[in-house]
Each structure stands twice: as C-alpha cells, then as structure tokens.
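As a plain string of letters, each chain reads:
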Amino acid sequence: MRIPGEWRIPYNYTIGDSATSFFEALRERRILGCRCASCERVAVPPKSFCEHCFLPVTELVEVGQHGVIEAVTVVTAPFAGSPPVPYAVAYVRLEGATSAIANYVQGVDLSDVTTLPAALKIGSDVQVVFGDEPAGRVTDFWFEPA
Amino acid sequence: MTIPSPRVGIAGSRVLGPAVELPGALDALIYNATSAALDDAGMSITDVDGACMAASDLLDGRAISTMTLTGSTGSFRKTEMRVCNDSLAAVLVGAAEVASGAADALIVCSWSKLSDADSNAVLPLAMEPVFHRALGFHPAAVLDLRRSAESGAATVTADQSLESRDVAVATILVAGDSPRARAHVIGFGASTGPYLRPGEPVLDPVRAAATAACDMAGVSVNDLSAVHVAGLARVDDDALADSLGVATGMLVRPAEPWADLGYAAGLTAMCRAHEAQTTGPVLVVSAGGLGYENAFAVVMEQT
C-alpha cells in the first residue's frame, strides 16, 4: 500500500550582497563580476569570496556584453519546466571575466542536431541580449551569436 | 588521511535488490539489510557500537531521515553518523571511526527507494537555486557541459535512460585484527571538483580519488585484480579505463549499468566486490553530483 505525499515548501533564498548587486545591475542591463584583490580573477556571477584564494572579495566590476563560448550543449530531452526542445545552454566567458556564466543561446538553428551550427563551436563569439523588461533575474538575458 | 594499523575489516554484508520496486516500507527494507549483514557477520546488534549511513532527506522524502529511520539502521543508543553523499563516503567515515578506536564494530548502510518518488521532480532540486535552477534546463546537461568544455566541442543532451532502482545495502566494519574480518579495506580516496563550472576534465575527481586510495593502500593500478565501478553510467568503459590507467577488461560494472541506485551505489559495488571473493587488491570507485564532480574510492582485499 502506498500513501500519497508531497512537499510544497516555499523558499526565499537570501542571496547576499554580491548576488544582489548582480541582479540589481541586470535591471539596468549591466552584468557585474567581482575581482579578487589577490589573484585578480574576475568571477561572474560575483561572490563574496574568491574560490581560488579563499579570501574575501569586495570589489565589483562591470564586465562586457560580448564573450566566447567555453562549453555548450544542445538539449533534445524534454524535462519538466524546461523550454521546448531543442535548446542550447552555454557557459560563456564575458569580456573582462575569467569565469563563465550559464545561460541559453538563442538565434541559432537547431532544427538538425546532427549538424550543430558553427555558431555553437567552442570559442565562438556571442553577445548578451536583454529582454524588454529586465526584472532582476538570471532569465533577464540570453546569448546570441555576435 | 592515514588510518593507523590495524586496518579496517569487513565482517559481513548484504545487498537487497536492486529491483524496480522493493516491496515494504523503507525502514523495513533497511532493517532487512542491516540485520542480514549482521547475520552474515555472525554478530548481533549488541556487538556493534554505532551506524554510519549515506542518505538524503530529499530522496527519502523525510526531514532528517536519520531520525525517522534510526531503529532500522541499528543505532538506538549508539553513535549515529550520516553523510549526504555516495555511500563510499560513509565507508570512509565509518572506517575512520573503527580505526580510531572509537568503535570496535560499526554498521555502514545506505538505501535508495526512488520507486516512492518522481525522480523528474527530485532532480532539478539538486541544481544550485539562484543562477541555474531558475533557468530550468535539463539536469543531465550539467555533465554534457563539462564534456563540452573538455572536448572543445558542442555536445547533445539526449534523452537519458537512467532508471531508478530500489536497493538497501549494509556492511559490518570491524577492527582489522578482528577474527571476524573476512576482508580488509586498505585504502581510501576522495576528490571534489568544481560544481557547475565546466573546464576540468570530467574524470579528474574519479582519477584523483582512485590514485589516493591506491597510494594509501600502497598498491599501483598494475597490482589491482579488478575495478568495480559504481554509477558513472554515462561514462563509457574506454574513457574510464583510460582515466584510471587500467585495461578495460579490469572494469566490473553492475548488471544493470543504467540503473540509478542513488547514494547506495558505492556501497552496493563494494559489497558486490566483497561477494566476488576476488584474490588481490580490488578498487571500487564511485562518483556523485550531476556531473560526477565528487568521487570516492576504496581499495579492499580478501583476508
């Protein structure tokens, strides 16, 4: 015998000063990272510490809105809550950053996933595109071929 | 970490399943596994000083599942430890407890009863919530993004055929010089790579964990008789063997390599390796995380 059960627990994640600055900047169509004073790496999205040096980080810097693809996958498997397949997800290193941030790549033809478009090659140039009304969410922007 | 002599022994073990569905309540399954492992060791619950388990509240659907399942793990009025990771991590913690002298004998157990749950609903909760879960992409893409960064080419995240299986598993660890020891765990290794930050070769954590376990055991990969692989279903034999520096024929995969045993995978593989009675040192490796960013390894040998 099985008894149905369900967890419905709302969370309001405290995201801290660094991520708050990042999301507030998205509303202004800007993208922020943080620069470690020790190693000078610029992480996007910003954190309050450097994962490499294990030191606190306070300096926020604006990074560019062009970048290169460091990793990309085209998803053909449908999944609850995801966009209609196929779609492309990439990690892109933006100008001035030393780490990559994930988001969707739009504006590419994915009708034949056996021959992925050249625009999705690793190292390809992409640009950030913002939606009409940025709301301070990671979904405010995506990437498109430059 | 160096575990002082004597080494840690394995006195008994039991694996229930894997099966599409193991009937019975979760605590009954766990009891069946732990009590059978004690029987296999010729021991009773009064002979053990505690339990170390690998479990996940999320997968179990219970808040603080250690408390709700305490009776079945055999830890009433005893030391109870839990890791929220693959069960080889519980072996590592339990072995440290025995090797330190804090316990003479310990139950290490793990389980997965995902037949109770909708894994498609559970999987996304493993994603970091602010920058990744909000995007809502397929959790399997995490591994394929790591592969993309490593290979320098776009990948395709196609339909995944991992199938959940129910399993309950337990082993009894004893001091290495115990007459009950039928096998010994002589090396441990663990390694954690960056999560959701592609760039590191996918199998680096597995290789690092395996190397650490072999180093601790004082054996080289050339000395190994077999390599039992837990999980890692989306890594093919050639890539894994190449990463570990062993021949492909050395690898021992589960009967259902596409089965998802959750956190119980590592201990299940270790118990299967014990049951195989292979002569010589045997390596057991496991990896967790959506992209195999977290790996564990043990080296064991029969007495």
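This structure is a prediction, so every number in the text was calculated from the model and none was measured.

Caption draft 1: Local environment of the overall build of chain A. In terms of helices and strands, chain A carries one helix and eight strands. Reported as C-alpha extents along the three principal axes, the dimensions of chain A are approximately 50 × 50 × 30 Å. For chain A, the residues scored as buried account for 42% of the 146 residues in total. If you take every contact in chain A between residues at least 6 apart in sequence, the share linking residues at least 24 apart comes to 52%. Carbon and sulfur atoms form 50% of the exposed surface of chain A, whose accessible area is close to 8200 Å².

Caption draft 2: Representation of a nonpolar patch on the surface. A surface patch of nonpolar side chains, about 670 Å² in accessible area, is lined by A:W7, A:I9, A:Y11, A:Y13, A:I15, B:L58 and B:L125. Looking at where A:Y11 falls in the secondary structure, it is placed in the segment before α1 (16-27).

Caption draft 3: Representation of unusual backbone geometry in the model. Residues and elements named next belong to chain A. Here the bond from V44 into P45 is cis, since omega is 0°, no more than 30 degrees from zero. Following the sequence through the fold, P45 ends up in the loop between β2 (42-43) and β3 (59-63). The omega torsion across V85 and P86 is -5°, close enough to zero to call that bond cis. Structurally, the position occupied by P86 is in the loop between β4 (66-75) and β5 (87-94). A positive phi is found at E40, a non-glycine position, where the angle reads about 65°. In this fold, E40 is placed in the loop between β1 (31-35) and β2.

Caption draft 4: Structural view of the sheet that holds β2(A). Residues and elements named next belong to chain A. An order of β2-β1-β3 is seen for the three strands of this open sheet, with the pairing classed as antiparallel. Taken across any chain shown, the strands that pair with only one partner, and hence form the sheet edges, are β2 and β3. Note: β1 against β3, five bridges, orientation antiparallel. Considered in β3, the bridge of C34 is made with L60. Sheet strands in contact with α1 are β1 and β3, and its direction is about 150° off that of β1.

Caption draft 5: Layout of the nonpolar core. Membership of the largest hydrophobic core comes to 46 residues, with the highest contact counts inside it found for A:F22, A:I31, A:L120, A:F141, A:F143 and B:F137. Broken down by secondary-structure element, the contributors of at least two residues to this core are α1, β3, β4, β5, β6 (101-105), β7 (125-130) and β8 (141-145) of chain A together with α7 (141-151) of chain B. Ranked by residues supplied to this core, first place goes to β5(A) with seven residues. Leaving out residues up to four positions away in the same chain, A:L120 has contacts with A:I69, A:V72, A:V74, A:A88, A:V105, A:V108, A:L110 and B:A154. Judged by nonpolar contacts, the second largest core, of 40 residues, contains B:V98, B:C271, B:F296 and B:V298.

Caption draft 6: Here's a closer look at the domain arrangement of chain B. Residue and element names in this part refer to chain B. For chain B, the domain assignment lists domain 1 (8-116 + 162-175) and domain 2 (184-302). For the domain 1 and domain 2 pair, buried surface summed over both sides reaches about 2700 Å², with 69% attributable to carbon and sulfur atoms. On the domain 1 side of the interface with domain 2, the three residues burying the most area are I10, L88 and L162, jointly 25% of the side's total. Viewed at the interface, domain 2 and domain 1 are joined by one salt bridge. In this structure, R165 engages E256 in a salt bridge whose closest nitrogen and oxygen atoms are separated by 3.0 Å. Those elements that provide at least two residues to the side of domain 1 that touches domain 2 are β1 (8-19), α5 (87-99), β4 (105-112), β6 (163-164) and β7 (166-175). Looking at the side of domain 1 that touches domain 2 element by element, the count peaks at seven residues for β1. For the side of domain 1 that touches domain 2, the residue count by class is 20 nonpolar, 10 polar and three charged.

Caption draft 7: Inspection of the state of the cysteines at higher detail. Scanning the model with the defined rule gives zero disulfides over all chains in all. Cysteine A:C39 remains unbridged, with the sulfur of A:C53 as its closest cysteine sulfur at 3.6 Å. Judged by relative accessible area, which is 27%, A:C39 ranks as partly exposed. The thiol of B:C84 is not disulfide-bonded; the next cysteine sulfur, from B:C52, is found 12 Å away. You can call B:C84 exposed: its relative accessible area is 51%.

Caption draft 8: Region of the structure containing the environment of A:A71. Mapping A:A71 onto the fold places it in strand β4. Taking the relative accessible area as the measure of exposure, A:A71 reaches 1% and is therefore buried. Distance from A:A71 to A:G33, taken between C-alpha atoms, is 19 Å for residues 38 residues apart in sequence. Every residue in contact with A:A71, bar those within four places of it in the chain, is listed here: A:V89, A:A90, A:Y91, A:I122, B:L145, B:S148, B:A149 and B:P198.

Basis of the calculations
Residues numbered from 1 in each chain as written. Chains lettered and ligands numbered in written order. Predicted model: local features only at pLDDT ≥ 70, side-chain atom pairs only at ≥ 80, totals over all residues. Heavy atoms only, no water. Helix = DSSP H or I, 4+ residues; strand = E, 2+ residues; numbered from the N terminus. Buried < 20%, exposed > 50% of the residue type's maximum accessible area, 1.4 Å probe, protein only. Contact = heavy atoms within 4.5 Å. Areas by Shrake-Rupley, 256 points an atom, 1.4 Å probe, with all protein chains shown as cover. Patch = residues over 30% accessible without salt bridge, like charges linked within 9 Å, V, L, I, M, F, W, Y side chains within 5 Å. Salt bridge = Lys/Arg side-chain N within 4 Å of Asp/Glu carboxyl O. Pairing = 2+ DSSP bridges. Axes fitted to C-alpha atoms, helices over the stretch in contact; angles between N-to-C directions. Core = buried A, V, L, I, M, F, W, Y, C linked by side-chain atoms within 4.5 Å. Domains from an automatic or database assignment. Buried area = accessible area lost by both parts, 1.4 Å probe. Nonpolar A, V, L, I, M, F, W, Y, C, P; charged D, E, K, R; others polar. Disulfide = S-S within 2.5 Å.

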